[in-house]
Amino acid sequence: MKKFAVIGYPISHSKSPALHEAGFNELSIDAEFSAIEVKPEDLASWISLNMIDYAGVAVTIPHKEKMVELVQKLSPAAKVIGAVNTLFWEHEVLHGTNTDCVGVLRALQTEVPELEGKKVLLLGAGGAARAALFALQTAGAKTVVWNRTAEKAVTLAEEFHAEAAESLTALNPDKFDIVINSTAVGLKEWKSLLPEDFWTPHHVAFDMVYDPLETRFLSEAAEAGARTVTGDQMLVHQALEQFHLWHDMELEPEVMGNAFFLADE
Ligand code: NAP
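Predicted, not measured: the structure shown is a model, and the values here were computed from it.

Trainee: Help me understand unusual backbone geometry in this model?
Mentor: Note: most peptide bonds trans; most residues except glycine with negative phi. The peptide bond linking Y9 to P10 adopts the cis configuration, its omega dihedral lying at 0°. Locating P10 in the fold gives a position in the loop between β1 (2–8) and α1 (16–26). Along the chain, D211 connects to P212 via a cis peptide bond; the corresponding omega equals 10°. With a phi close to 50°, H161 is a non-glycine residue in the positive phi region. By the element assignment, H161 lies in the loop between α6 (150–159) and β9 (163–164). In this model, D248 sits at a positive phi of 55°, which is unusual for a non-glycine residue. Residue position: D248 is located in the loop between α8 (231–247) and α9 (253–262).

Trainee: I'm lost on the side chain of T60 in this one. Help?
Mentor: Of note, T60 is situated in the loop between β3 (56–59) and β4 (73–74). A relative accessible area of 16% places T60 in the buried class. Look past the residues within four positions of T60 in its chain and what remains in contact with it is V6, I7, G8 and I11.

Trainee: How do you make sense of the environment of E163 when you look at a structure like this?
Mentor: Residue placement: E163 occurs in strand β9. Of the residues examined, E163 reaches a relative accessible area of 54% and is grouped as exposed. Between the C-alpha atom of E163 and that of A78, which follows or precedes it by 85 residues, the distance is 22 Å. Not counting the four nearest positions on each side in its chain, E163 is found in contact with T143, V144, V145 and A157.

Trainee: Honestly, the nonpolar core in this entry has me stumped. Any pointers?
Mentor: Nonpolar side chains tend to gather and get buried jointly when the protein is soluble and globular. The biggest cluster of nonpolar side chains holds 33 residues, and the ones touching the most others in it are C101, V104, L108, I178, I180 and F206. Mapped by element, the contributors of at least two residues to this core are α3 (76–81), α4 (100–109), β7 (119–123), α5 (127–139), α6, β10 (178–181) and β11 (204–207). If one sorts the elements of this core by residue count, α5 sits on top with seven residues. Built from parts of two domains, this core gets at least three residues from each of domain 1 (2–98 + 233–262) and domain 2 (102–229). Beyond its immediate chain neighbours, meaning those up to four positions away, I180 contacts L108, V120, L121, L122, L123, L136, F206, M208 and F217. Listed in part, the 23 residues of the second largest apolar core include L19, F88, L235 and F260.

Trainee: Any chance you could explain the site of the ligand here in plain terms?
Mentor: Near the ligand, the surroundings consist of 20 residues, among which A128, N147, R148, T149 and K152 are the closest. A125 places a polar main-chain atom, nitrogen or oxygen, 3.0 Å from an oxygen atom of the ligand. For the ligand, whose accessible area on its own is 930 Å², the fraction buried by protein is 75%. Of the residues forming the shell around the ligand, the biggest block, three residues, is contributed by α8. Each residue belonging to the shell around the ligand can be placed in one class, and the counts come to ten nonpolar, eight polar and two charged.

Trainee: Please explain the domain arrangement of the protein chain as it appears in this structure.
Mentor: A common way to state how big an interface is: give the accessible area lost once the parts meet. The assigned domain composition of the protein chain is domain 1 (2–98 + 233–262) and domain 2 (102–229). Using only C-alpha atoms to locate each centre, domain 1 and domain 2 end up separated by 26 Å. With 14 residues of domain 1 in contact, the opposing surface of domain 2 contributes 17 residues. Between E241 and R106 there is a salt bridge, and its shortest N-O distance comes to 3.4 Å. The interface formed by domain 1 and domain 2 contains three residue pairs in polar contact (both at pLDDT 80 or more). Secondary-structure elements contributing two or more residues to the side of domain 1 that touches domain 2 are α3, α8 and α9. In terms of residue count, the dominant contributor to the side of domain 1 that touches domain 2 is α8 (six residues). Considered class by class, the residues forming the side of domain 1 that touches domain 2 number seven nonpolar, four polar and three charged.

Trainee: Would you mind showing me how to read the sheet that holds strand β2 (residues 31–37) here?
Mentor: Strand pairs in the sheet, formed through backbone hydrogen bonds, run parallel or antiparallel to each other. In space, the six strands of this open sheet follow the order β2-β1-β3-β5-β6-β4, with mixed pairing throughout. Two strands in the sheet have a free side with no partner beyond their single neighbour: β2 and β4. The pairing of β4 with strand β6 (residues 93–97) spans two bridges and is parallel. Residue pairing across strands places K73 opposite H95, the latter belonging to β6.

Calculation notes
Residues numbered from 1 in each chain as written. Predicted model: local features only at pLDDT ≥ 70, side-chain atom pairs only at ≥ 80, totals over all residues. Heavy atoms only, no water. Helix = DSSP H or I, 4+ residues; strand = E, 2+ residues; numbered from the N terminus. Buried < 20%, exposed > 50% of the residue type's maximum accessible area, 1.4 Å probe, protein only. Contact = heavy atoms within 4.5 Å. Core = buried A, V, L, I, M, F, W, Y, C linked by side-chain atoms within 4.5 Å. Domains from an automatic or database assignment. Near = heavy atom within 4 Å. Polar contact = N/O pair within 3.5 Å; in protein donor to acceptor, adjacent residues only side chain to side chain. Areas by Shrake-Rupley, 256 points an atom, 1.4 Å probe, with all protein chains shown as cover. Nonpolar A, V, L, I, M, F, W, Y, C, P; charged D, E, K, R; others polar. Salt bridge = Lys/Arg side-chain N within 4 Å of Asp/Glu carboxyl O. Pairing = 2+ DSSP bridges.

Okay, here's the thing in structure tokens:
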């Protein structure tokens, strides 16, 4: 039986086992998927002692950035993003890649199939924002980045040939087709960084937060007639890309989509 796992700290919240096990059941794959708590100080030794037992490992907070130094081969996406969320073996060489960027792209494409030339406002400049910027840049979208800590938005925008915005209130909402929340605002709280009157029916709103799925950001956008993309779409699509890498098999998105909801029950 092949072994897979997700490693992080803490790890109890992870939906990765439920999503991947749903895929194993659907396609009758003889494999197991565990969630393993690995403290930051133990990461390097865990990889050198245990990785050999696993066909693939998903990497989550807070290990994604550190993992860049611990793999033998880095994909171009992981290199540019500066974070690894997926490990796999190829000819006994440990590869690290990043599927969060694929998750962002496919999630957005559920509402906007063609992103080329679209104008995007990206809130946040953390790890998830880096994956989003890489995806948006690759797809030919034009992005303006805003972040609470303004210097981080400026640095990120320079790196990805995007623009940085200093003040949210100075922005003209009509200049944007898509607005993405990649901050932690809205996570287990009823808050949005944007005022209610920002939204118009022209907008597509995408919130990466998935606890809760219906955030204030998305709720106010929908109220104004905007289309919305929920955070589970990104999570499911990044996991589907991992599944494809590890098993070389295609899985219907609904299989993991349903598992996302069942994992809460
Ligand atoms: P991160 O690297 O820690 O970055 C956090 C970001 O949130 C920073 O830009 C930070 O701004 C901002 N922020 C935090 N509290 C804020 C506040 N009160 N007001 C304004 N900005 C605030 O985290 P991350 O990995 O990028 O994750 C960010 C969010 O995306 C989390 O909610 C996470 O759950 C979600 N996420 C979802 C998926 C998915 O698959 N759906 C995947 C990855 C992440 P400063 O720089 O000013 O601190």
